[in-house]
Amino acid sequence: MTTLPDFRSPAVLLEHARHTMRFYHPRAIDPAGGMFQYFKDDGAVYDATHRHLVSSTRFVFTYAMAYRQFKDPAYLDGLKHAVSFLRESHRAADGDGYAWMLNGGAIEDGAQHAYGEAFVLLAYAHASMAGLQEAQPWIAETFELMEKRFWDAAAGLYADEASQDWSELSTYRGQNANMHSCEALLAAHQATGEQRYLERAYTVAFNITQRQAERCGGLIWEHYDTEWQPDWQFNIDDPENLFRPWGYQPGHFTEWAKLLVLLEARAKGVLAHDLGWLIPTAERLFKVAVEKGWDPQHGGLAYSLAPDLTICDFHKYFWVQAESAAAAALLAQRTGNDEYWVWYERLWAYSWTHFVDHQHGAWFRILDRENRKLSDEKSPAGKVDYHTMGACYDIVAVLEGGSHA
């Protein structure tokens, strides 16, 4: 049995973040441009040519946060390298969009995704906070792109996907792109102090976790039609879709819980809106996630719940555990309820035992119900352990009693 460290020690969590970062740095850096994005468990690169916008942006976040925490100039160099690739390869020459997938430098999938461009906004905000002054104006540039191309003023939410030339807007609407837009808007506000980003984060959060939740039994369904009515059948035959899985997502409930706590902290004394719904909503979402999603037999939070809140996908995903631990810490600090620390320790003990690769570094991506790995692909496109290192930094801010950094 593994001896568990003290998960309420900032030093332990920061060392874990460094251990995870060592899996990616420096092997992730492609001298020809950008970052390698496909890694086996031992760190071997198994696809050297593909570049996904989600990985490219999340590498900016991980290098920016690592540099801010540890002041290693190699991380600053990595950050600059990642930002350059985002600007020069993913971004359209006229600035009107970002390519979703590249192969060998050429556009393989040029679709425009609000989810991806939310991460572009997050990337520039964190690059700016890490000291890259040139990234500061790119925050507004990206926000204005999302305003122009995706914002649905009538719904008070972002649309989801468009063709490369913006001539066609998909009829699909989703909460996931809006959740990560809220996260990015909070970062944009932190980086700039501009209230418009906080206002927009509040609007998105209210409309997803209040108005949309009212249409879905008080919880957050993933998928909607153009009128923002729930689409209960979308991807019912593809429940493990990477970005649009069918079902209620316990991991998204807890991720929203974290964002709502952060939003309240930032908005107090700044926004004139009612903030009284934020913490009760966060607590309710967390409660449903852990009470309905926890696997009592093998541990861990399951991936998906059916509309009747029974588990419909027992797979365990790394990000679900990490985000839930961060949410537990923020709720524990905000409410003073020690039950959240109990969940925090439970989630960390499970993750440390089953998900953390103590030999090579980083977390395994997905386990079956019995906590067995499904493949030796530790980090395919989209992962880069932004969730796990980000959770560590969120929790350290709580433990040190400061605001989220």
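Keep in mind the model is a prediction, meaning the values are calculated, not measured.

So, how was this worked out
Residues numbered from 1 in each chain as written. Predicted model: local features only at pLDDT ≥ 70, side-chain atom pairs only at ≥ 80, totals over all residues. Heavy atoms only, no water. Helix = DSSP H or I, 4+ residues; strand = E, 2+ residues; numbered from the N terminus. Rg over C-alpha atoms; globule rule 2.2 N^0.38 Å. Contact = heavy atoms within 4.5 Å. Areas by Shrake-Rupley, 256 points an atom, 1.4 Å probe, with all protein chains shown as cover. Pairing = 2+ DSSP bridges. Axes fitted to C-alpha atoms, helices over the stretch in contact; angles between N-to-C directions. Disulfide = S-S within 2.5 Å. Buried < 20%, exposed > 50% of the residue type's maximum accessible area, 1.4 Å probe, protein only. 1 Å grid on protein atoms, 1.4 Å probe; cavity = no way out; pocket = protein on both sides within 12 Å on 5 of 7 lines; lining within 4 Å. Points joined across faces, edges and corners; volume = space filled by probe spheres on them. Nonpolar A, V, L, I, M, F, W, Y, C, P; charged D, E, K, R; others polar.

Q: What is the right way to look at the overall build of the protein in this model?
A: Of regular secondary structure, the protein possesses 12 helices and 15 strands. Taking 22 Å as the expected radius of gyration for a compact globule of 405 residues, we find that the protein reaches 20 Å, a close match to that expectation. A principal-axis box enclosing the C-alpha atoms of the protein has dimensions of 50 × 50 × 45 Å. Here the analysis covers contacts within the protein between residues at least 6 apart in sequence; of these, 65% occur between residues at least 24 apart. Of the roughly 14,500 Å² of accessible surface on the protein, 49% is carried by carbon and sulfur atoms.

Q: Even after reading the chapter, I still don't get the sheet that holds strand β4 (residues 106–109), so can you show me in this structure?
A: Within a sheet, adjacent strands bond to each other through the backbone by hydrogen bonds, running parallel or antiparallel. Spatially, the three strands line up as an open sheet ordered β2-β3-β4, and their pairing is antiparallel. The open sheet has two free edges, formed respectively by β2 (50–52) and β4, since each of these has just one partner strand. Sheet twist, expressed as the mean angle between neighbouring strand axes with direction ignored, is 30°. Bridge analysis of strand β3 (residues 101–103) against β4 gives three bridges, and the strand direction is antiparallel. By the bridge assignment for β4, N103 is matched with A106.

Q: Explain the state of the cysteines here, please?
A: A covalent bond between the sulfur atoms of two cysteines is referred to as a disulfide. All told, the structure shown has zero disulfides when counted by the stated rule. With no disulfide partner, C312 has as its closest neighbouring cysteine sulfur the one in C216, 15 Å distant. Take C312: its relative accessible area is 36%, and that puts it in the partly exposed class.

Q: Sorry, what's going on with the environment of R346 here?
A: Here R346 is to be found in helix α11 (residues 339–354). Separated by 164 residues in the primary sequence, R346 and C182 have C-alpha atoms spaced 28 Å apart.

Q: Can you walk me through empty space enclosed by the protein in this structure?
A: Over the atoms rolls a probe the size of a water molecule, and in doing so it shows where empty space is left. Within the structure shown, the criterion is met by two cavities of 30 Å³ or more. Within this model, the second largest cavity holds a volume of roughly 40 Å³. Around the second largest cavity sit D41, F364, R365, I366, K373, L374, S375, E377 and K378, which together line it. Looking at the lining of the second largest cavity, its residues break down into three nonpolar, one polar and five charged.

Q: Mind showing me how you'd approach the layout of surface pockets here?
A: Approximately 270 Å³ is the volume attributed to the largest pocket. If you trace the largest pocket, you find 20 residues lining it, with R58, Y115, L242, F243 and W319 closest to the centre. For the lining of the largest pocket, the secondary structure elements donating two or more residues are α6 (175–192), α8 (250–267) and α10 (318–335). Of the residues belonging to the lining of the largest pocket, the class tally is 10 nonpolar, six polar and four charged.

Function-wise, these values are silent; they only describe arrangement.
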